[in-house]
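Listed below are the residues making up each chain.
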Amino acid sequence: VEVPFDMMIGTTVVRGRVDAVFDDGDGAQIVVDWKTGDPPSTPEAQRAAAVQLAVYRLAWAGMSGRPLDSVRAAFHYVRSGVTVRPDELPGPDELAALLAQEELTS
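Residues numbered from 1 in each chain as written. Predicted model: local features only at pLDDT ≥ 70, side-chain atom pairs only at ≥ 80, totals over all residues. Heavy atoms only, no water.

Structural notes on the side chain of Ser-70
Note that Ser-70 resides in the loop between helix 1 (43–64) and strand 5 (71–77). Within the local environment of Ser-70, its side chain forms a polar contact with the side chain of Arg-66, the two groups lying 3.5 Å apart. Among the polar contacts made by the side chain of Ser-70, one reaches the main-chain carbonyl oxygen of Pro-67 at a distance of 2.9 Å. The residues touching Ser-70, leaving out its near neighbours within four places in the chain, are Ala-28 and Gln-29. (Helix = DSSP H or I, 4+ residues; strand = E, 2+ residues; numbered from the N terminus. Polar contact = N/O pair within 3.5 Å; in protein donor to acceptor, adjacent residues only side chain to side chain. Contact = heavy atoms within 4.5 Å.)

Printed below as a string of structure tokens:
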């Protein structure tokens, strides 16, 4: 089920839509973002994708009232059937710093 969200990260309003959330079998939940393209092939693209998942993870934790450490996130690439779960996702402070840096450069 798609769930829209808007939230503040630092001084930036971020809007998006969570595609799906599943129980992950150990009491945690996993936010899944469906993708129709191919998985990112470069480290830079992988880091950028991880930022998007981190935002979705933070949004779902806030909307559901769950602790952030009980929410995971993954991309599922529909065409290839590949699911990618990044090992590390930026936390709230790192996301705020990344967004502030982006605002300065745009």
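Next comes the rest of the description.
Looking at a nonpolar patch on the surface
Among the surface-exposed residues, Phe-22, Trp-34 and Val-78 lie close enough to one another that they form a single nonpolar patch of about 290 Å² accessible area. For Trp-34, the location among the structural elements is in strand 4 (residues 29–35). (Patch = residues over 30% accessible without salt bridge, like charges linked within 9 Å, V, L, I, M, F, W, Y side chains within 5 Å. Areas by Shrake-Rupley, 256 points an atom, 1.4 Å probe, with all protein chains shown as cover. Salt bridge = Lys/Arg side-chain N within 4 Å of Asp/Glu carboxyl O.)

What to know about the sheet that holds strand 6 (residues 82–84)
Taken together, the four strands give an open sheet; going across it, the order is 3-4-5-6, and neighbouring strands pair in mixed fashion. Looking at strand neighbours, the two that pair on one side only are strand 3 (20–23) and strand 6, the edges of this open sheet. Between one strand axis and the next, the sheet turns through 30° on average, direction left out of account. Each of strand 3, strand 4 and strand 5 is contacted by helix 1, which is oriented at about 135° to strand 5, the strand it contacts most. (Pairing = 2+ DSSP bridges. Axes fitted to C-alpha atoms, helices over the stretch in contact; angles between N-to-C directions.)

Considerations on the packing of aromatic side chains
Scanning the model with the defined rule gives three aromatic pairs in all. Where Phe-22 meets Trp-34, the ring centres are 6.4 Å apart and the plane angle is 80°; that geometry is what we call edge-to-face. In this pair, Phe-22 sits in strand 3 while Trp-34 sits in strand 4, placing the two residues 12 residues apart along the sequence. The class of Trp-34 is partly exposed, set by a relative accessible area of 40%. (Phe/Tyr/Trp six-rings, centres within 6.5 Å; stacked < 30°, edge-to-face > 60°. Buried < 20%, exposed > 50% of the residue type's maximum accessible area, 1.4 Å probe, protein only.)

Functional significance is not addressed by these values, which are geometric in nature.
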